Amino acid sequence: MSPGFAYERNPYGTAQVVATVRELMRADGLDVPLTAIARSCGTSRNFLYANWKSASALHLLALKAELSVAFDAAHRTRPSDGTVPGITDHLAHVVRNIRRHPTTAAVARSSPTAFIAAHTAAEGPLVRLALERVSDLLHPLVPNGGIWGDPALNSMTWKILWIARPAALCPEAVGDQRREDVLDGAFAALMRDLLAPWFSQPDRG
């Protein structure tokens, strides 16, 4: 009996593949090739290419996942209470989580040009995701309309991203407590300055 055409079966969906890529990137950053991902997933390059087109596309999905995890981890340990001090403390922990994440150091080692460009990138999926998460945190500062009800507050999302990146994308400071404290302190001070007009908010009930 002829076996006919054998369709490739694979149990891996996006979540499983991205989890594998995240693990590989912690050591090799952007140098992780499609072949290594396929091998670690127990699948083929053809399967990955058919579904995600390139290693770069998978790298981006993994980096977006890590950025979300950095925010979520800070939410668990230092949830924002919607005030300037609470938002500042929360974002300071996000910054520290990113700086200390092994993928940050791995990307800096494997792709220094791309890493340097990340400090000033003005667009792209990672920038959009960061802006969305910061915007969500700022909304409670204006009870009526959030950032959309206050153009000045809306403009703060970009400014916060600009002051956060030098502190977050500095893996060389990890392990040097004094240097990390300086980075965290400078970021928090700049945050307080930026958000000073919204420091005192009326009781939201």
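Refer to the structure printed above.
Let me begin by describing the structure that accompanies this report. (Residues numbered from 1 in each chain as written. Predicted model: local features only at pLDDT ≥ 70, side-chain atom pairs only at ≥ 80, totals over all residues. Heavy atoms only, no water.)

### Considering helix α4 (residues 55-77)
Compared with an ideal rise of 1.5 Å per residue, which puts 23 residues at 33 Å, α4 spans 33 Å between its outermost C-alpha atoms and is within 8% of the ideal. Of all the positions in α4, only Ala55, Leu58, His59, Ala62, Ala65, Glu66, Leu67, Ala70, Phe71, Ala73 and Ala74 are classed as buried. Contacts from the buried residues of α4 go to α1 (14-28), α2 (34-41), α3 (45-52), α5 (84-100), α6 (102-110) and α8 (125-138). (Helix = DSSP H or I, 4+ residues; strand = E, 2+ residues; numbered from the N terminus. Expected span 1.5 Å × (residues − 1). Buried < 20%, exposed > 50% of the residue type's maximum accessible area, 1.4 Å probe, protein only. Contact = heavy atoms within 4.5 Å.)

### Here's the deal with the pattern of salt bridges
Evaluated as defined, the whole model comprises 10 salt bridges. Among the salt bridges present, the one from aspartate 184 reaches arginine 96, with a minimum N-O distance of 2.8 Å. Remark: arginine 96 occurs in helix α5 and aspartate 184 occurs in helix α10 (residues 177-194); sequence separation between them is 88 residues. One continuous salt-bridge network, built from bridges that share partners, spans Arg96, Arg99, Arg100, Glu180 and Asp184. (Salt bridge = Lys/Arg side-chain N within 4 Å of Asp/Glu carboxyl O.)

### Some remarks on the packing of α5 against α8
At a minimum axis separation of 10 Å, α5 and α8 run at an interaxial angle of 155 degrees. The pairing of α5 with α8 is recorded here as roughly antiparallel in orientation. Considering only the axes of α5 and α8, their crossing is right-handed. Across the interface between the two elements, Ile87, His90 and Leu91 of α5 pack against Val134, Leu137 and Leu138 of α8. Residue composition of the contact of α5 with α8, by class: five nonpolar, one polar and no charged. (Axes fitted to C-alpha atoms, helices over the stretch in contact; angles between N-to-C directions. Parallel < 35°, antiparallel > 145°, perpendicular 65-115°, else oblique. Left-handed = near helix turned anticlockwise from the far one by under 90°. Nonpolar A, V, L, I, M, F, W, Y, C, P; charged D, E, K, R; others polar.)

### Concerning the side chain of histidine 59
Here histidine 59 shows up in helix α4. With sequence-adjacent residues up to four places away left out, histidine 59 is seen in contact with Val21, Met25, Leu30 and Val32.

### Observations regarding the packing of α1 against α6
Interaxial distance between α1 and α6 falls to 6 Å at its minimum, and their mutual angle equals 55 degrees. When the interaxial angle is binned, α1 and α6 end up oblique. Of the two possible hands of crossing, α1 and α6 adopt the one that is left-handed. Counted together, Arg22, Met25, Arg26, Ala27 and Asp28 of α1 and Pro102, Thr103, Ala106, Arg109 and Ser110 of α6 form the full contact between these two elements. A class-by-class count of the residues in the contact of α1 with α6 yields four nonpolar, two polar and four charged.

### A closer look at the layout of surface pockets
Volume-wise, the largest pocket comes out at about 880 Å³. Lining of the largest pocket is provided by 37 residues; of these, Leu67, Ile98, Ala118, Leu126 and Leu169 occupy positions nearest its centre. Sorting the residues of the lining of the largest pocket by element identifies α4, α5, α6, α7 (112-118), α8 and α9 (151-168) as the ones contributing at least two each. A per-element tally of the lining of the largest pocket places α4 first, with eight residues. Partitioned by chemical class, the residues of the lining of the largest pocket number 27 nonpolar, seven polar and three charged. (1 Å grid on protein atoms, 1.4 Å probe; cavity = no way out; pocket = protein on both sides within 12 Å on 5 of 7 lines; lining within 4 Å. Points joined across faces, edges and corners; volume = space filled by probe spheres on them.)

### Here we look at the environment of valine 142
Looking at the secondary structure, you find valine 142 in the loop between α8 and α9. Here valine 142 falls in the buried class, since its relative accessible area comes to 13%. Taking the C-alpha atoms as reference, valine 142 lies 8.0 Å from tryptophan 198; in sequence the two are 56 residues apart. What valine 142 contacts, discounting residues up to four positions off in sequence, is Asp150, Leu153 and Trp198.

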